[in-house]
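Chain residues, written in single-letter form:
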Amino acid sequence: MKSHVKAVVIGGGVVGCSVLYHLARAGWTDIMLIERSELTSGSSWHAAGGFHTLNGDPNVAKLQAYTVQLYKELEEISGQSCSLHLTGGVMLADSPERMDFLRLAHAKGRYLGMDTELITPSEAKKMFPLMDEKHFVGAMWDPVEGHLDPSGTTHAYAKAAKKLGAEIVLRNPVKELTQDPDGTWNVVTEQGTVRAEHVVNCGGLWAREVGRMVGVELPVLAMEHMYLLTEPMPEVEAFNKETGREMIGVLDFKGEIYTRQERNGILLGTYEKACKPWSPVNTPWDFGHELLAPDLDRIAPSLEIGFQHFPGIANAGIKQVINGPFTFAPDGNPLVGPVQGLTNYWVACGVMAGFSQGGGVGLALSNWMVNGDPGFDVWGMDVARWGEWASLRYTNAKVRENYSRRFSIRFPNEELPAARPAQTTPLYDTMVANNAVMGDSWGLETPLWFAPEGTEPKDIVSFHRSNDFEHIGNEVRVTRDRVGVTEIANFAKYEVSGPASEDFLNRLMTNRMPKKGRIVLTPMLNEFGRLIGDFTIAKSGDDKFMIWGSSAAQKYHMRWFEQHLPKDGSVRIHRFDQTLVGLSIAGPKSQALLAKLVDEDVSSKAFRFMDFREMAVGGAPCMVNRITYTGDLGYEIWMAPAYQRLVYKAIKDAGEEFGIVDFGMRALLSMRLEKNFPTWFRELRPIYGPFEGSMERFIKLEKNDFIGREAAAKEHAEGPKLRRVSFYVDAQDADVMGDEPIWAKVGAKDFGTIEKPHGYGAPRFDETGKEVRGSDAATGASAVRGIVDGDWRVVGWVTSGGYAHYVQKSMAQGYVPAALAENEAEGLFEIEILGHRRPARINVEPPFDPSGDKMRG
Ligand SMILES: Cc1cc2nc3c(=O)[nH]c(=O)nc-3n(C[C@H](O)[C@H](O)[C@H](O)COP(=O)(O)OP(=O)(O)OC[C@H]3O[C@@H](n4cnc5c(N)ncnc54)[C@H](O)[C@@H]3O)c2cc1C
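Analysis parameters
- Residues numbered from 1 in each chain as written.
- Predicted model: local features only at pLDDT ≥ 70, side-chain atom pairs only at ≥ 80, totals over all residues.
- Heavy atoms only, no water.
- Pairing = 2+ DSSP bridges.
- Helix = DSSP H or I, 4+ residues; strand = E, 2+ residues; numbered from the N terminus.
- Contact = heavy atoms within 4.5 Å.
- Axes fitted to C-alpha atoms, helices over the stretch in contact; angles between N-to-C directions.
- Buried < 20%, exposed > 50% of the residue type's maximum accessible area, 1.4 Å probe, protein only.
- Near = heavy atom within 4 Å.
- Polar contact = N/O pair within 3.5 Å; in protein donor to acceptor, adjacent residues only side chain to side chain.
- Areas by Shrake-Rupley, 256 points an atom, 1.4 Å probe, with all protein chains shown as cover.
- pLDDT = per-residue confidence, 0-100.
- Phe/Tyr/Trp six-rings, centres within 6.5 Å; stacked < 30°, edge-to-face > 60°.
- Lys NZ or Arg CZ within 6 Å of the ring centre and 35° of its normal.
- Expected span 1.5 Å × (residues − 1).
- Core = buried A, V, L, I, M, F, W, Y, C linked by side-chain atoms within 4.5 Å.
- Parallel < 35°, antiparallel > 145°, perpendicular 65-115°, else oblique.
- Nonpolar A, V, L, I, M, F, W, Y, C, P; charged D, E, K, R; others polar.

## Observations regarding the sheet that holds strand β28 (residues 581-586)
Next, step 1: Spatially, β29-β30-β31-β28-β22-β32 is the arrangement adopted by the six strands of the open sheet, whose pairing is mixed. Looking at which strands have only one partner, the edges of the open sheet turn out to be β29 (612-617) and β32 (661-662).
Next, step 2: Of the pairings in the sheet, the one linking β28 to strand β31 (residues 634-639) comprises six bridges and is antiparallel in character. The residue bridging valine 581 from the neighbouring strand is methionine 639, located in β31.
Next, step 3: Contacting β28, β29 and β31, helix α16 (residues 590-597) crosses the sheet at an angle of about 35 degrees to β31.
Next, step 4: Docked against the sheet, helix α17 (residues 644-655) engages β22 (484-487), β28, β29, β30 (620-625), β31 and β32, running at close to 10 degrees with respect to β28.

What follows is the structure in structure tokens.
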């Protein structure tokens, strides 16, 4: 065993071996994997081995597609078979809602390059004769599904990594991790200590324990999972003989069941409602190649439905029941990336579908370690998406909820109840008493909308407009006509201070920093010139700035800020989290309202649009921004939590004469739509450039050498290929939710391959593992075919949208080829909502207050 290496990967499951292989392929060969026992000694050995590409997050779906494509390459390099069976599979819908869900998934596939097809139950039965089609209303066929040998695949990664020079040390538990002042890790193992620049936690079932070695409580929990194997079935053998094909994989949402052929019988697994965590606090170190006791009673309700739906299986004898544990993060997606607050401590854990996701996880993490950037939009699996509130108990409740709902429909207006409330502001009880329907915003309870007296404060979940529609409309109208107040504690807030703070921010941000007492809006880019942040920044003192940003990206942004802080202590950064909370007032009467609460001049002359000032509001020390996300005349007021109730009461009392209304997050989002304002993580994400994102007003290429400037200048010089645009949609009773395809009547006009950018600048490899350079490698764009229907083509995708209540229009934002971005013609575009193409028209100017006169006051 070497004593010094560049990186140590802890854990020899499928994920650790994939990370090792990808690091070696990217050129880091001075690396070592240390495994406690033998390879596959965690959950990898007893997996059912199924794989598929579909995922609710299109970016994760693309990384799954990469994993599936990788297996052939892996077999060739390693000489080890993965026993690939690419059978294809169907998802069966038992209800109109589930069919809507499949239509949505299928529509997304139109620009993601997925070859799915909507089929009838009888077509599905032809491929899987064991089912009874009368229970279903439709299905979706996905050709890129199948199964493999989990142990063979893990060994294939390991062999390929070894061939490239990586070392694997078996039967050697890692006991302790310490870090020297120069950042070197001491990996203390049973066989001695290895010093390494980087450590990767691929501990799988023990990822929590390997996290605790460095004082981190990772939000992962193992769940028991059961599948059963039938005796050989004559029906299966007959089908194979007749068709020359293996039976396909089947997913039955209603039964919470998945099945596939295993030898000449069937493998059937369940995600049962009565699910059970395994080792909820500590994972025993002596657990190895063993199984848990089966508990058929727990999965009996699923089996009952399954046997009705698949009578062919009901009569088969059960040969074996496998019950084994595997880990989940609270939302079921992996935890990948560097852990904020630590240096060179990486994780790749919580991977619940190692054989669908392991390759993509390995590729993204190795890019990140080698190039300083994952090269893909990996937000959906970034470990930074969880905050401190994701504790052991929170994770336990959320993982159980997620597991039991794995095959349930998640509606766009559905807030899940487990582990709530996690964080609350001092106004929580008041908001609930005011009939607020609360939502979870990065662990914080936030009002979504307010039910009028006599109406139940509860969402009716739906893909269509729902019971909140009328009430959100009222909140918007009263705010826009008079004045409204809302809680904004769920924004991220930071303070940057110190003598070099302005230089630091100028290096990170694309816009010039404001003068003292002024505010700017500014995107932030990575070295590839892609959007990694969008902030409001106020200069609050001589060497002090306040920053507001996306709540969900707090750890993601802190990690970036910390990585770029000067080492000499000349800049300090503080994240407030909930130690600073806020309220926003907006609408034409908001200025008169503020004037009643303060003892200074807040007229538009004295307190201008985009001014920042510290002042007492209702007697409480506050920071006030003369700007709001409503795009109306308005203010954001920030205070310590101890003052929030005082300020709220003062606002409500003083606002009574103006007929003030409480409005929630949904009204706020509706108002931003009619101003064409983008949102972070929907319109603005690391897959888009700043000019593609139509953010040119905030990009000052000439100011100084900020991160990403060169790439942004190139994008500007060449002209963006795509543009973010806003649409009016002739919707009926359902508005867009995001990820819908945008069609255009462009006849024979070809815009080249219409691509949804996926990666950027990351090295890509050909099938022999050789790095591919050139234009495709530079964009990393995934090959996506434009879908053609007569004169119509899919030319883009929706990022978000909804109903803009004040202007009474259904609106959407999304990306289209730049050549079409200013074409406001009628009849040129259609947006596919729940499988129906609705006419849409680009609106270059926002419909509400296009001149900005109201906003400036
Ligand atoms: C019943 C069942 C069915 C499944 N079916 C599927 C399926 O069909 N498709 C699919 O994609 N996935 C399936 N899975 C999930 C799949 O098994 C996991 O996604 C995958 O195994 C995760 O791999 P891993 O490498 O992260 O973790 P693990 O396999 O748990 O590997 C972690 C490794 O780290 C080692 N380790 C931990 N701590 C230390 C330490 N301190 N020192 C040294 N070594 C250490 C362990 O010994 C272990 O070998 C299934 C799981 C189960 C249980």
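## Considering the environment of valine 174
Next, step 1: The residue valine 174 is located in strand β9 (residues 174-179) in this model.
Next, step 2: The class for valine 174 is buried, based on a relative accessible area of 8%.

## What to know about the site of the ligand
Next, step 1: Residues in contact with the ligand amount to 38 residues; listed here are only the nearest, Glu35, Arg36, Ser44, Gly50 and Val351.
Next, step 2: Taking methionine 352, its main chain carries an N or O atom lying 3.4 Å from an oxygen atom of the ligand.
Next, step 3: Protein contact buries 97% of the 990 Å² of open area that the ligand shows by itself.
Next, step 4: Taken together, the elements giving at least two residues each to the shell around the ligand come down to α1 (14-25), β12 (221-230), β17 (318-328) and α10 (354-371).

## So, the confidence of the model for the protein chain
Next, step 1: Looking at the protein chain, pLDDT values average 92 and 95% of them are 70 or higher.
Next, step 2: Within the model, pLDDT remains below 50 along residues 753-786, and this stretch shows 92 contacts once partners closer than five positions in the same chain are excluded.

## A look at unusual backbone geometry
Next, step 1: Omega for the peptide link from arginine 420 to proline 421 comes to -5 degrees, which places this bond in the cis form.
Next, step 2: Relative to the helices and strands, proline 421 is located in the loop between α11 (392-404) and α12 (428-433).
Next, step 3: Within the chain, leucine 834 stands out as a residue other than glycine whose phi angle is a positive 45 degrees.
Next, step 4: Within the fold, leucine 834 resides in the loop between β40 (829-833) and β41 (836-842).

## Observations concerning the packing of aromatic side chains
Next, step 1: According to the stated counting rule, one finds 34 aromatic pairs in the structure shown.
Next, step 2: Centre to centre, the rings of tryptophan 797 and tyrosine 815 are 6.5 Å apart; their planes meet at 20 degrees, and the pair counts as stacked. Here tryptophan 797 is found in strand β38 (residues 792-804), whereas its partner tyrosine 815 is found in strand β39 (residues 809-817), with 18 residues between them in sequence.
Next, step 3: Take tyrosine 815: its relative accessible area is 0%, and that puts it in the buried class.
Next, step 4: Here a set of aromatic residues connected by ring pairs shows up, and it is made of Phe101, Phe253, Tyr258, Tyr271, Phe326, Phe328, Tyr403 and Phe407.
Next, step 5: Residue placement shows lysine 6 over the ring face of tryptophan 28; its charged tip is 4.7 Å from the ring centre.

## Description of α11
Next, step 1: Compared with an ideal rise of 1.5 Å per residue, which puts 13 residues at 18 Å, α11 spans 18 Å between its outermost C-alpha atoms and is within 8% of the ideal.
Next, step 2: The inward-facing, buried residues of α11 contact β12, β15 (265-270), β16 (277-278), β17 and β20 (436-441).

## Points about the nonpolar core
Next, step 1: Of all hydrophobic cores here, the largest spans 46 residues; its most connected members are Val19 and Leu365.
Next, step 2: Elements with a minimum of two residues in this core: β1 (4-10), α1, β2 (31-34), α2 (58-78), α5 (150-163), β19 (345-349) and α10.
Next, step 3: By residue number, the principal contributor to this core is α1, which donates eight residues.
Next, step 4: If we skip the residues at most four places from it in the chain, valine 19 touches Val9, Val200, Cys202, Ala348, Gly362 and Leu365.

## A few points about the sheet that holds strand β23 (residues 492-497)
Next, step 1: Strand order in this open sheet of five strands is β24-β25-β26-β23-β27, and the pairing throughout is antiparallel. Of all strands in the sheet, those bounded by a partner on one side alone are β24 (519-525) and β27 (572-575). Taken over all neighbouring pairs, the strand axes of this sheet differ in orientation by 30 degrees on average, direction set aside.
Next, step 2: Against the sheet, helix α14 (residues 501-508) contacts β23, β24, β25 (531-541) and β26 (544-549), and its axis sits at roughly 35 degrees relative to β26.
Next, step 3: Running over the sheet, helix α15 (residues 554-564) touches β23, β24, β25 and β27 and is turned about 75 degrees from β25.

## A look at the packing of α5 against α10
Next, step 1: Across the interface, α5 lies against α10 with an axial gap of 12 Å and an inter-helix angle of 10 degrees. The orientation of α5 relative to α10 falls into the category roughly parallel. Within the contact between the two elements, α5 uses Pro150, Thr153, Thr154 and Tyr157 and α10 uses Phe355, Gly358 and Gly359.
Next, step 2: Split into classes, the residues belonging to the contact of α5 with α10 amount to three nonpolar, four polar and no charged.

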